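Below are the chains, spelled out letter by letter.
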Amino acid sequence: MPPSIHPVDLIAALREKSLTPAIVFLTSRRACDEAMEAFDHARTVLPPERQEAIAAALERVIAQYPSIAEHPLIPTVQRIGVAAHHAGHLPSWKIAIEELMRQGCLDAVFATTTLAAGVDFPARTVVITQSSIRKARDFMDLTIGEVQQIAGRAGRRGKDYVGFAVVTPSPYIDLNVLTKGLTGNPEAIDSQFTISYPMVLNLLKAHPHEQIQAILAKSFAQFQLNQRANVLEGKLDVLHTQMEPFGPRVCTDWITQWHTFDQARRQKPHRHQIARHESPEVTARFHFMTPGRVVGLNKGRGIVLRQYRSKGQKSPMITVLRTGGAITESPAGTVTDVFDRLFECTEQQGYPWCTPESFDELLYQLTELPTRLPLLPILVSKESELIPDAIVQSLGDFPCPSCSSRPACQKDYLVASRLRQEQQRHVKSIQALRTSLWHRFQERIDVLQKFGYLSPTSHLTDDGEWARLIRIDHSLLITELIRAEAFAGADPAVLTGVMASIAHDDDRPGAFPRVSTGLSSLLGQVRKLAESLSPYEDPPLLRADIAAVAERWVSDPGLTWIGLCRSTTMAEGDIYRLLARTLEFLSQLHTLRATHPGLADSASRAIDLIRRGVLEELP
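Parameters and conventions
Within every chain, residues take consecutive numbers counted from 1 along the sequence as written. Whole-chain, interface and lining totals are the exception, using all residues; otherwise, since this is a predicted model, local features are given only for residues with pLDDT of at least 70 and side-chain atom pairs are given and counted only at 80 or more. Note: side-chain values were computed over all heavy atoms of the structure, leaving out hydrogens and water. To qualify as a helix, a DSSP run of H or I must reach at least 4 residues; to qualify as a strand, a run of E must reach at least 2; elements of each kind are numbered from the N terminus. Burial status follows relative accessibility: with a 1.4 Å probe on protein chains alone, a residue under 20% of its type maximum counts as buried, one over 50% as exposed, and anything between as partly exposed. The contact criterion used is simple: two residues touch if any of their non-hydrogen atoms lie within 4.5 Å. In short, Shrake-Rupley with a 1.4 Å probe defines the accessible areas, and a residue's cover is counted only from the protein chains shown. A pair of strands is labelled paired if DSSP reports no fewer than 2 bridges between them. Angles here are taken between N-to-C directions and fall from 0 to 180 degrees, while the axes themselves are lines fitted to C-alpha atoms, restricted in helices to the stretch in contact. By definition in this entry, angles of less than 35 degrees are roughly parallel, angles greater than 145 are roughly antiparallel, angles of 65 to 115 are roughly perpendicular, and the rest are oblique. Left-handed describes a crossing whose near helix is turned anticlockwise from the far helix through less than a right angle; right-handed describes the clockwise counterpart. Each salt bridge in this description consists of a side-chain nitrogen of Lys or Arg and a carboxyl oxygen of Asp or Glu lying within 4 Å of one another. To count toward a patch, a residue needs a relative accessible area above 30% and no salt bridge. Like charges then connect within 9 Å, nonpolar side chains (Val, Leu, Ile, Met, Phe, Trp, Tyr) within 5 Å.

Asks: Could you give an account of the overall build of the protein chain, with specific residues and numbers?
Replies: Looking only at helices and strands, one finds 24 helices and 12 strands in the protein chain. A burial count over the protein chain gives 45% of its 619 residues as buried. In the protein chain, the share of contacts with a sequence separation of at least 24, taken over all contacts with a separation of at least 6, comes to 74%. Accessible surface, the protein chain: about 32,500 Å² in total, of which carbon and sulfur atoms supply 53%.

Asks: For the sheet that holds strand E3 (residues 108-111), give the residues involved together with the corresponding values.
Replies: Taking strand neighbours across the sheet as the criterion, the 5 strands line up as E2-E3-E1-E4-E7 in an open arrangement whose pairing is parallel. Of all the strands in the sheet, just strand E2 (82-85) and strand E7 (164-167) have a single pairing partner and so form its edges. Neighbour to neighbour, the strand axes of the sheet diverge by 20° on average, direction disregarded. With 4 bridges joining them, strand E4 (residues 125-128) and E7 adopt parallel strand pairing. Across the sheet, the residue bridging to Val 127 is Val 166, located in E7.

Asks: Just give me the short version of the pairing of strand E10 (residues 317-322), but keep the residues and values in it.
Replies: Counting buried residues in E10 gives 6 out of 6 residues, a clear majority hidden from the surface. Along E10, one buried face is formed by Met 317, Thr 319 and Leu 321 and the opposite face, lined by Ile 318, Val 320 and Arg 322, is buried too. Taken together, E10 and the strand that follows it, strand E11 (residues 327-331), pair antiparallel across an intervening segment of 4 residues, in which Gly 324 is found at a positive phi of about 95°.

Asks: Outline the packing of helix H3 (residues 48-64) against helix H5 (residues 91-102), listing residues and values.
Replies: Between two packed helices, both the angle of their axes relative to each other and the distance between the axes serve to describe the pair. Remark: H3 packs on H5, axes separated minimally by 10 Å, with the N-to-C direction vectors making an angle of 135°. The orientation of H3 relative to H5 falls into the category oblique. Relative to H5, H3 is oriented so that their crossing is right-handed. Between H3 and H5, the contacting residues are Ile 54, Ala 57, Leu 58 and Val 61 on the first element and Ala 96, Glu 99 and Leu 100 on the second.

Asks: Account for the pattern of salt bridges, with residues named and values stated.
Replies: Summed over the entire model, instances satisfying the criterion amount to 21 salt bridges. Close ionic contact of Arg 483 with Glu 480 constitutes a salt bridge, the shortest N to O distance being 3.0 Å. With Arg 483 and Glu 480 both in helix H17 (residues 475-483) and 3 residues apart, this pair spans about one turn of that helix. A relative accessible area of 33% places Arg 483 in the partly exposed class. With a shortest N-O distance of 3.0 Å, Arg 543 and Asp 545 are connected by a salt bridge. A relative accessible area of 13% places Arg 543 in the buried class. Assessed through its relative accessible area of 26%, Asp 545 is described here as partly exposed. One connected set of salt bridges, linked through shared partners, spans Arg 15, Arg 50 and Asp 107.

Asks: Lay out a nonpolar patch on the surface with the relevant residues and their values.
Replies: On the surface, Tyr 161, Val 162 and Phe 164 cluster together into a nonpolar patch covering about 390 Å² of accessible area. On the secondary structure map, Phe 164 appears in strand E7. The exposure class of Phe 164 is partly exposed, given its relative accessible area of 31%.

Asks: Tell me what's going on with unusual backbone geometry, and back it up with residues and numbers.
Replies: Following Thr 20, the chain continues into Pro 21 via a peptide bond in cis, with omega recorded as 0°. Mapped onto the fold, Pro 21 is located in the loop between helix H1 (7-16) and strand E1 (22-25). The linkage connecting Tyr 351 with the following residue, Pro 352, adopts the cis geometry, with an omega of 0°. Checked against the element boundaries, Pro 352 lands in the loop between strand E12 (337-342) and helix H13 (356-367). The backbone of Trp 353 shows a phi angle near 75°, a positive value even though the residue is not glycine.

What is shown is where atoms sit, not what they do.
See the structure below:
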C-alpha cells in the first residue's frame, strides 16, 4: 500500500517547503523497501559535503558494528540522504539510521509504525500515508493512541518551534479515523499481566500460600479489574433502585413463582405438539451463527453465509463457505466451535447467498485465517428447557390463578424479570472480577499438583525446584520434555532447532533450509507432547522449517551471516530475532547445571556456537 505520491516527488516537495527531516510512515516493510528502490535512479543527489558528513558518521557506527560495513543501502543513504527503518533490518543497521537522524544527516526515513513508539526519533515533519495498520493477518484501523504516537514524533525539542503532520492523499486513507485519532482521548491501557506456571512456582517458593492473594491484589491488573467491578457496582445500585417498585408481594419471590406458573400455563396446551429436537447448546449457538461468522466443523472451518429452518426439518440449518470455495448445507448441530471472528457479508437472495464481491472477500479471509482463533463465549440458557410434566400436571396447584396480585404480577413480570437478570449477571461479573487473578492462580496450582511440580500442600517438589528456573513461554512443555528425557543425546544443533521452533510464533510462509532427520524426528515427539498438554498450555507453532534455520547456523560454524540469509526468505532482522530469542531459551536450560548437567552442557555449547558474527555485536 504505497503512498499515492511517488517517494522521490514526496521528498522533493518536503525539501522545497523546508519540512525536513521527515518520517514517512508506510504500511509495511515491503513498502519501505520499495520506496528506497525508487531512489536508485533519482537524479537529485546531496552536495558533496553532506555526503562526506554521512560517510563519516557511518564510519563511526561501523567501527562499533562491523556487520553493516557492506550493507546494500549505504550508497543510497549516502548519495540521497534518505533511509528505511523497520523490523526486517538488523538492530545494528537501525542503530546506524537512528544515529544519522539524530546528527541531522538524513532528510527522510521511510518507516513502519513500529518507529512511532519506543525510540527517541523525533523529526520536523511526519507524513501519514495510511489510516490502518497490518496486525497479525488483518488490516486494522489505527487507534487513537497510535495516531497520536505517530503525530507526536513531529517537532524536535530544542530545534523546532512547531512540528508538522502531513497527510498524503490516498484511496486507502479514512480521514474520519485520523480526525478521531488527532482529536480524541487515547484508549485506556490494558494490563497484559498473565499468571504463568513459573510465576506460581516462584511465588510459592518465596511466600506462604495464604499471603499470595494479598500480593496479587496489589497488581495493576487487579486494580483494573477492580475498576471494572466498581463500574458494575454503580450499575447494580441503579438496578436496585429500579427494582424497588417490584418488591415483595404475596409471594416473597414472586418473579420466580410467576415465571414457573407462566411457563407451565403456556406449555400445557402445546405439550402434545411435536417439539423441535435441538439442545439448549444448539439453540444458544444458532443465535450467533449469523452471516460472516467463522465456525468450526468436523472437517476444517468455514464462514456462515445464511441460517434457516426448512419446512419439515427439525434441526436448524446453516449454509457454509468452505476452504476452496465449496458451499455446503449443514445442520447447526454439526458445528463444533463458534469463533470470535465475524466478517462483513453482503447477503443476497439465492445461491451463493452473498454478492460476488463479498464471496471473494470471504474466501480470501477464510484462507488467511490464523491457526488459532479465540472461541466466542456463549452462555447456554436454561430457560429453554421444558417444564417437567409433573409441574405442568400440577398447574392447578399454583396459587397464582386466584391470587390478588395476579394482574400486577402479569403486568410487571417482563420488566422485573429483565431487571433481575441484569442484577444477577452483574453480581456474577463483580464476583468474577474481584477474584479473577486468584482463581487463575489456583487453577495453575491444580495443574502443577497434577503434574507433580507441587505437593498436595502446595510446596515445591524436587521437580518444582528446578522447573521454577524455566521462566519463558511454553514452560510446561519444556519442563515436561526435560522430564521425559526427550533431549537425551541431542547435540547442540538439534537442541537449538527445537528451542527455535518453540520460541518462534510467526506463521508467515517462506522458503527455508531442509530440516535434518534427527531434528525432524525429535520435533515429532515434541508435537505429540504439546498436543497432550493443550488443555493446560497453548501449544507453540513448532515449525520445522524455522527450526532448520537455527539448526543450520549452529551445525555449520563456517557459515557466514550472509550465507545464512541467502538460505531463507526470512528478513535478516527476523533471523536475528529468532536466534536472539532462541539464545534466551537456551540460557534458561543452561541454568539447570545442578540437576541436568548434560542438558546444561549441550545448551552452553549451543550458546557459544550461536554467538558469532552479527550476534556478537549486541548484548
